[in-house]
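Structural description and commentary
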Amino acid sequence: MKNTLQKDTQEFQVEKEFSGLTRIFHWIRAFSIFGLIFTGFYIAYPFLQPDSNPNPTNFLQAYIRSWHLFLGFALIGVSIFRLYLFIFDRDSKPERISFAQCLSIKIWIDQIKTYLWIGKHPHIKGAYNPLQFVTYFALAILVLIISLTGIVLYYNVYHNGLGAILQTSFKWFEVMCGGLPNIRLIHHIATWGFIIFIPVHIYMVIWNSIKYPNGGADAMISGLRYKKDLKV
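All figures in this text were calculated on a predicted structure; none of them were measured in a lab.

1. Looking at the overall build of the protein
- Each helix and strand in the protein was counted, giving nine helices and three strands.
- Walking the protein from its N terminus toward its C terminus, one meets helices and strands in the order β-β-α-α-α-α-α-α-α-α-α-β.
- In the protein, buried positions account for 35% of the 232 residues.
- Considering only intrachain contacts with a sequence separation of at least 6, the fraction spanning at least 24 residues in the protein is 65%.
- When the accessible surface of the protein is summed, it comes to about 14800 Å², and 69% of that surface belongs to carbon and sulfur atoms.

2. Some thoughts on the confidence of the model for the protein
- Counting all residues, the mean pLDDT for the protein is 85, and 89% of those residues have values of 70 or more.
- The weakest mean pLDDT in the protein belongs to strand E1 (residues 2–7) at 49; the strongest belongs to helix H7 (residues 162–177) at 95.

3. Re the packing of aromatic side chains
- For the coordinates displayed, the defined rule picks out 16 aromatic pairs.
- On the basis of an interplanar angle of 55° and a centroid distance of 5.2 Å, the ring pair of Tyr115 and Trp207 is categorised as tilted. Within this pair, whereas Tyr115 is found in helix H5 (residues 105–115), its partner Trp207 is found in helix H8 (residues 180–211), the two being separated by 92 residues in sequence. We note that Tyr115, like Trp207, is buried.

4. A look at the pattern of salt bridges
- With the rule as written, the count across this model stands at three salt bridges.
- Across the pair Asp110 and Lys106 runs a salt bridge, and its minimum N-O distance is 2.8 Å. One end of the pair is Asp110 and the other is Lys106, both in helix H5 and four residues apart, which spans about a single turn.
- A residue is classified by how much of its surface remains accessible, and Asp110, at 19% relative accessible area, is buried.
- With relative accessibility at 59%, the residue Lys106 sits in the exposed group.
- A salt bridge links Lys171 to Glu174, with the nearest nitrogen and oxygen atoms 3.2 Å apart. Taken together, the residues span about one helical turn, with Lys171 and Glu174 both in helix H7 at a distance of three residues.
- A relative accessible area of 7% places Glu174 in the buried class.

5. Considerations on unusual backbone geometry
- Although it is not a glycine, Trp117 adopts a positive phi angle of roughly 65°.
- Here Trp117 shows up in the loop between H5 and helix H6 (130–155).
- Take Trp117: its relative accessible area is 57%, and that puts it in the exposed class.

6. Structural notes on the environment of Ile198
- Among the structural elements, Ile198 can be located in helix H8.
- C-alpha of Ile198 to C-alpha of Ile33: the two residues are 165 residues apart in sequence and 9.5 Å apart in space.
- The residues contacting Ile198, other than those within four sequence positions of it, are Ile33, Phe34 and Ile37.

7. Notes on the packing of helix H1 (residues 20–44) against helix H2 (residues 60–88)
- Between H1 and H2, the least distance of the axes is 8 Å, while the angle of their chain directions is 150°. Here H1 is positioned roughly antiparallel relative to H2, judged by the angle of their axes. With respect to the hand of their crossing, H1 and H2 are arranged in left-handed fashion.

8. Regarding the environment of Phe73
- Residue position: Phe73 is located in helix H2.
- Linking Phe73 and Ile151, residues 78 residues apart in sequence, is a C-alpha distance of 8.9 Å.
- Not counting residues within four places of it along the chain, the set of residues in contact with Phe73 comprises Tyr154, Leu162 and Leu166.

Rules used in this analysis
- Residues numbered from 1 in each chain as written.
- Predicted model: local features only at pLDDT ≥ 70, side-chain atom pairs only at ≥ 80, totals over all residues.
- Heavy atoms only, no water.
- Helix = DSSP H or I, 4+ residues; strand = E, 2+ residues; numbered from the N terminus.
- Buried < 20%, exposed > 50% of the residue type's maximum accessible area, 1.4 Å probe, protein only.
- Contact = heavy atoms within 4.5 Å.
- Areas by Shrake-Rupley, 256 points an atom, 1.4 Å probe, with all protein chains shown as cover.
- pLDDT = per-residue confidence, 0-100.
- Phe/Tyr/Trp six-rings, centres within 6.5 Å; stacked < 30°, edge-to-face > 60°.
- Salt bridge = Lys/Arg side-chain N within 4 Å of Asp/Glu carboxyl O.
- Axes fitted to C-alpha atoms, helices over the stretch in contact; angles between N-to-C directions.
- Parallel < 35°, antiparallel > 145°, perpendicular 65-115°, else oblique.
- Left-handed = near helix turned anticlockwise from the far one by under 90°.

Written as structure tokens, this is what we have:
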């Protein structure tokens with residue numbers, strides 16, 4: 001989708017960068033990760049305690065664990081569909097063509113110079129510059145690791161039904177990691193990976209939106225990005 005907007009004497013092309021499903025999945029994953037971090041730390045250290053009650057009604061830990069499981073499976077499901085969109089969705093083509101730029105040393109150098117405030121933003125094709133693409137690929141690996149470890153932790157608590165099926169399918173990963181204690185450690189370390197990524201990601205999105213106000217942060221809401229019409 002391309003339209004042309006005119007502001008003073010400068011013309012811009014309006015391009016659809018992210019499809020509706022891509023934007024929805026992004027925000028579902030974002031809220032899921034925030035919720036998983038909070039509920040995960042609470043499960044590890046239950047710092048909230050309900051008032052004493054002789055009746056068996058104070059199940060705060062159980063409620064928090066239930067939300068952790070719900071958000072965890074939501075993250076897994078959305079991530080699977082997100083991968084499908086990236087590979088097969090026609091509207092995700094701007095994301096796919098971003099990969100080719102990772103092979104260009106010149107674009108890498110120009111992009112790093114931009115972040116160091118010593119160069120102009122390089123003209124790129126696609127949704128992401130090389131540094132963004134590599135970062136999001138690393139994030140996908142992080143999601144995979146925390147999902148696999150989360151599945152192992154799940155079936156070691158819930159042995160019947162879905163847990164039994166998952167144990168049959170993913171026992172190999174538990175063995176490969178050296179057992180349940182290592183799984184817990186990897187799961188915890190991966191959580192800190194998200195905690196480090198989130199503020200850096202938010203900062204860079206805001207930084208790009210301020211320095212290059214061509215869609216930036218709101219592109220993941222509207223799906224649109226504005227580019228200068230080089231033909232004018």
